[in-house]
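Commentary on secondary and tertiary structure
Here is what each chain is made of, one letter per residue.
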Amino acid sequence: MLASANPLLHRWLAQHPILARVAKWLLLPTLTTLLMLSDDFLQQLYTPNNQAELEFKYVLVLWLINLCLWLSGRRWFINLVLVLFAAMELFQLSYISFVGSPITPFDLSKLVSEWGEINHTLSYAFADHWPALVAWGLPWGALFVVFNWGVPRWNLPRSWIALLIVILVLGSKPERATRRDMISFMPGPTRSSLHNSINVFSYYFTRMAGREVAVDRPDYQPYQIISDAMADAPENIVLVVPDSTRYDRMSVYGYDRDTTPYLETIAQHPRASVIRGIASSVATGASLPLLFNVINEPGNVPELERGIGNLFRQAKANGYKTFWLSTHESKMLNGVGSRFLDVSLTREDNPVEVTENGDRALLSWIDQQQWGKKNFIAIVLRSVHSPYRANYDQSDNPRYQAWPTEGSGLTPTEKRANAYDNALLYLDDLYRDARAKLEKQLKGDTVWVLTSDHGQMLGENGLWGHNRLTKAVSHVPMVIDETRDNPTDTAYPLPDYDHLSHYELGHWLLSLMGENLVNPNAQANVHYFHSEKLYEDNFYEVVVEKNNQLIFCGRQLLSQTDKPKPCQSPEQTLAHAPDAGTAPTLSAPRKPTL
């Protein structure tokens, strides 16, 4: 094109055929890659619902796919891929426009099973959402034109190898769907919509299409929110959620190694509570939506989708500026209420910094923020996630080699366990440093909460990791305290129970914001510990609190129970779960019904 329009350029290209070929191979895939990415940014011109950002790794992979499409030289194959991508994006952009978030495999199954009702709704919604068709049609129409015009005119090779590479790359997603659960394919709100579409449709057509996916779920009464403003609500609420942190390995809970010296100083504050926590789920992708939406019961998907108690939603409604600062990938934003966030920073926003500095990248992110008069800040970290050494290896500080992880005299179990304890020490220092920065920058009274998404198995009965309904995975810390501008002010009603679940923590945080969550389904001293498949037929465990001890009632399957069945005595507890160890006894009053 440029060569025919400019004789000098044409002559130069003719004299330098190798450079001309390289220029074509760089220019053409770059142009079509930009077109494939542009639908998100066109949609962002008219709606904030699309939160996609550019991620270097994904852009690079997409560029390589485009290069291989050009080098395949076969228009029939290119058009087949374009039709596939364009069809998925039509669904995706329309759903983002109408619903406000990327489509999930669960949503896609509902679109198929309830198409008649949805089609009827679309006929009325078209007038408000037609720009989605423009944002979709312009780039994808241009892609068809560019490829079909360019392939026969540009002298490119016809390579079967390039064609096979595209098939292998795209086919890796359905293959992975045969081995992983739905959580791994849930969309990330800040990911490219095409990236999300490939994940979601791969899972749906591999695991759900043509199958009965409906699960008979218990009927729950809906939650309600009642405004109940506090006379002196805190100006700041800081919720820190490090991954895979288990309380009985923390010295603040009585562990014999000094893994959390800073938290021990916090525990000495007269307005601090150190509570044994109960995780909502065994996996991050499930526990975060349950925690941030304040969901209690197993299978309560309608309430999860409604999100009436979502912490970010209610924080904004009560004048808080909302922040999500996380060294996790952006996909962890799925289901936590990203549309209610004022500021969102994830690993994809700072990949080099996170790679070089790990979780300590958070410290520079804190300095970059413009805080509001009131702030609700969620900090989600990987400091204790497996592989444990990787979290602190980038630091040369010998402090994080307090317990040896190398040496012929150590067993593999001892090395891994020691690395976990070192990672806890690293987390303790990070929390100290981050909190010191925030205390200088935030104005007003502040409530501080440190918990975890789930615990971790550390060799009990030969088991490691999480993703299992075991006691060790349910045990998370709850270290809560406050700092007041006027130390003589009446203390906030901090929870002072022996055990506190994620649901109860969320319920309490809502009360600090001035909202009372009314859940007619809740039972005092009955907790629920969920497996990772929130939108499918999920296993869960009822955990009963009795005489300051937890009774694990054994796994139950959602589809096989009309209502969750709590057990009544320790004799009914199944022995399938290894104990996580002994924590110090904390006396506490009985909890009220939430």
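Overview of the structure. (Residues numbered from 1 in each chain as written. Predicted model: local features only at pLDDT ≥ 70, side-chain atom pairs only at ≥ 80, totals over all residues. Heavy atoms only, no water.)

1. Digging into the side chain of Thr 47
- Position of Thr 47 among the secondary structure elements: in the loop between helix 3 (17-43) and helix 4 (56-72).
- Engagement of the side chain of Thr 47 in a polar contact is seen with the backbone nitrogen of Asn 49, the distance being 3.1 Å. (Helix = DSSP H or I, 4+ residues; strand = E, 2+ residues; numbered from the N terminus. Polar contact = N/O pair within 3.5 Å; in protein donor to acceptor, adjacent residues only side chain to side chain.)

2. Focus: the pattern of salt bridges
- Evaluated as defined, the whole model comprises 23 salt bridges.
- As a salt-bridge pair, Glu 303 and Arg 306 come within 2.8 Å of each other at their nearest N and O atoms. One end of the pair is Glu 303 and the other is Arg 306, both in helix 13 (residues 301-306) and 3 residues apart, which spans about a single turn.
- Among the residues examined, Glu 303 registers a relative accessible area of 4% and is labelled buried.
- Looking at Arg 306, the relative accessible area reads 36%, which means it is partly exposed.
- Here Asp 429 and Arg 399 are joined by a salt bridge, their closest N and O atoms 2.6 Å apart. Remark: Arg 399 occurs in the loop between helix 17 (388-392) and helix 18 (412-441) and Asp 429 occurs in helix 18; sequence separation between them is 30 residues. (Salt bridge = Lys/Arg side-chain N within 4 Å of Asp/Glu carboxyl O. Buried < 20%, exposed > 50% of the residue type's maximum accessible area, 1.4 Å probe, protein only.)

3. Some thoughts on the nonpolar core
- Counting residues in hydrophobic clusters, the biggest one holds 93 residues, and the most contacted among them are Phe 292, Trp 324 and Leu 505.
- If sequence neighbours within four positions are ignored, Leu 505 has contacts with Leu 239, Leu 291, Val 449, Thr 451, Met 478, Ile 480 and Leu 500.
- Formed by 46 residues, the second largest nonpolar core is a distinct cluster that contains Trp 371, Ala 434, Leu 450 and Val 479. (Core = buried A, V, L, I, M, F, W, Y, C linked by side-chain atoms within 4.5 Å. Contact = heavy atoms within 4.5 Å.)

4. Some points on the packing of helix 5 (residues 75-99) against helix 10 (residues 193-208)
- Running from N to C, helix 5 and helix 10 point in directions that differ by 105 degrees, and their axes come no closer than 9 Å. Classed by the angle they form, the pair helix 5 and helix 10 counts as roughly perpendicular. On helix 10, the residues touching Phe 85, Met 88, Glu 89, Phe 91, Gln 92, Leu 93 and Ile 96 of helix 5 are Ser 193, Leu 194, Asn 196, Ser 197, Ile 198 and Phe 201.
- Among the residues forming the contact of helix 5 with helix 10, the class breakdown is 8 nonpolar, 4 polar and 1 charged. (Axes fitted to C-alpha atoms, helices over the stretch in contact; angles between N-to-C directions. Parallel < 35°, antiparallel > 145°, perpendicular 65-115°, else oblique. Nonpolar A, V, L, I, M, F, W, Y, C, P; charged D, E, K, R; others polar.)

5. Observations concerning helix 5
- Across its 25 residues, helix 5 extends 35 Å between first and last C-alpha, which sits within 8% of the 36 Å expected from 1.5 Å per residue.
- Where helix 5 terminates, the next one or two residues include Gly 100, which has phi positive at roughly 105 degrees. (Expected span 1.5 Å × (residues − 1).)

6. A look at the environment of Arg 313
- You can see Arg 313 is positioned in helix 14 (residues 311-317).
- Each C-alpha atom, one on Arg 313 and one on Leu 341, is 8.3 Å from the other, the two residues being 28 residues apart in sequence.
- Ignoring any residue separated from it by four or fewer positions in sequence, one finds Arg 313 in contact with Arg 306, Gly 307, Ile 308 and Phe 340.

7. Description of the packing of aromatic side chains
- Throughout the structure, instances matching the rule amount to 16 aromatic pairs.
- Residues Phe 185 and Tyr 203 carry aromatic rings whose centres are separated by 5.5 Å and whose planes lie at 40 degrees to one another, so their mutual orientation is tilted. Taken together, the positions of Phe 185 in the loop between helix 9 (160-177) and helix 10 and Tyr 203 in helix 10 put the pair 18 residues apart, joining distant regions of the chain.
- With relative accessibility at 1%, the residue Tyr 203 sits in the buried group. (Phe/Tyr/Trp six-rings, centres within 6.5 Å; stacked < 30°, edge-to-face > 60°.)

8. Description of the sheet that holds strand 4 (residues 321-326)
- The strand order across the open sheet built from 8 strands is 5-4-6-2-7-10-3-11, with neighbouring strands paired in mixed fashion. Looking at which strands have only one partner, the edges of the open sheet turn out to be strand 5 (343-345) and strand 11 (499-501). In this sheet, adjacent strand axes meet at a mean angle of 20 degrees when their direction is disregarded.
- Bridging between strand 4 and strand 6 (residues 375-381) involves 6 bridges; their strand directions are parallel. Bridge pairing in strand 6 places Leu 325 opposite Ile 379.
- Together, strand 2 (236-242), strand 6, strand 7 (446-450) and strand 10 (475-483) form the strand contacts of helix 18, whose direction differs from that of strand 7 by roughly 165 degrees. (Pairing = 2+ DSSP bridges.)

9. Remarks on the side chain of Asn 391
- If you trace the backbone, Asn 391 turns up in helix 17.
- Taking relative accessible area as the criterion, Asn 391 reaches 11% and is therefore assigned buried.
- One polar contact links the side chain of Asn 391 to the main-chain carbonyl oxygen of Ser 383, over a distance of 3.1 Å.
- Those residues in contact with Asn 391, other than ones at most four positions away along the chain, are Arg 382, Ser 383, Val 384, His 385 and Tyr 426.

10. Let's talk about unusual backbone geometry
- The peptide bond linking Ser 386 to Pro 387 adopts the cis configuration, its omega dihedral lying at -5 degrees.
- When you line up the elements, Pro 387 lands in the loop between strand 6 and helix 17.
- Phi at Val 294 is positive, roughly 55 degrees, even though this residue is not glycine.
- Turning to its location among the elements, Val 294 is positioned in the loop between helix 12 (284-293) and helix 13.
- Since its relative accessible area comes to 0%, Val 294 is described here as buried.

11. A closer look at the packing of helix 16 (residues 361-368) against helix 18
- The interhelical angle for the contact between helix 16 and helix 18, taken along N-to-C directions, is 5 degrees, at an axis separation of 10 Å. By the criterion of interaxial angle, the relationship of helix 16 to helix 18 is roughly parallel. Residues Leu 362, Leu 363, Ile 366 and Asp 367 of helix 16 form the contact with helix 18, whose own contacting residues are Leu 430, Asp 433, Ala 434, Lys 437, Leu 438 and Gln 441.
- Its residues assigned to classes, the contact of helix 16 with helix 18 shows 6 nonpolar, 1 polar and 3 charged.

12. Examining the environment of Asp 359
- Tracing the chain through its elements places Asp 359 in the loop between helix 15 (351-357) and helix 16.
- Along the primary structure Asp 359 and Tyr 426 are separated by 67 residues, whereas in three dimensions their C-alpha atoms are 9.6 Å apart.
- Those residues in contact with Asp 359 that sit more than four places away from it in its chain are Thr 327, Leu 381, Arg 382, Ser 383, Gln 394, Tyr 426 and Leu 430.

13. Quick word on helix 9
- Along its 18 residues, helix 9 runs 26 Å from first to last C-alpha, staying within 8% of the 26 Å computed at 1.5 Å per residue.
- At Gly 171, helix 9 shows its strongest bend, of approximately 30 degrees, with the proline Pro 174 following within four residues.
- Where helix 9 is concerned, the buried positions are Ala 162, Leu 163, Val 166, Leu 170 and Ala 177.
- In this fold, the buried residues of helix 9 make contact with helix 4, helix 5 and helix 10.
- Measuring from the side-chain oxygen of the N-cap residue of helix 9 to the backbone nitrogen of Ile 161 gives 3.2 Å; that N-cap residue is Ser 159. (Bend = angle between axes of the 7 residues up to and from the residue.)

14. Considering the sheet that holds strand 15 (residues 549-557)
- Here 3 strands make up an open sheet; going across it, the order is 13-14-15 and the pairing antiparallel. Looking at the sheet topology across the chains shown, the edges are occupied by strand 13 (526-530) and strand 15. On average, adjacent strands in this sheet sit at an angle of 25 degrees to one another, irrespective of strand direction.
- Bridging between strand 14 (residues 539-546) and strand 15 involves 7 bridges; their strand directions are antiparallel. Directly across from Tyr 540, in strand 15, lies its bridge partner Gln 556.

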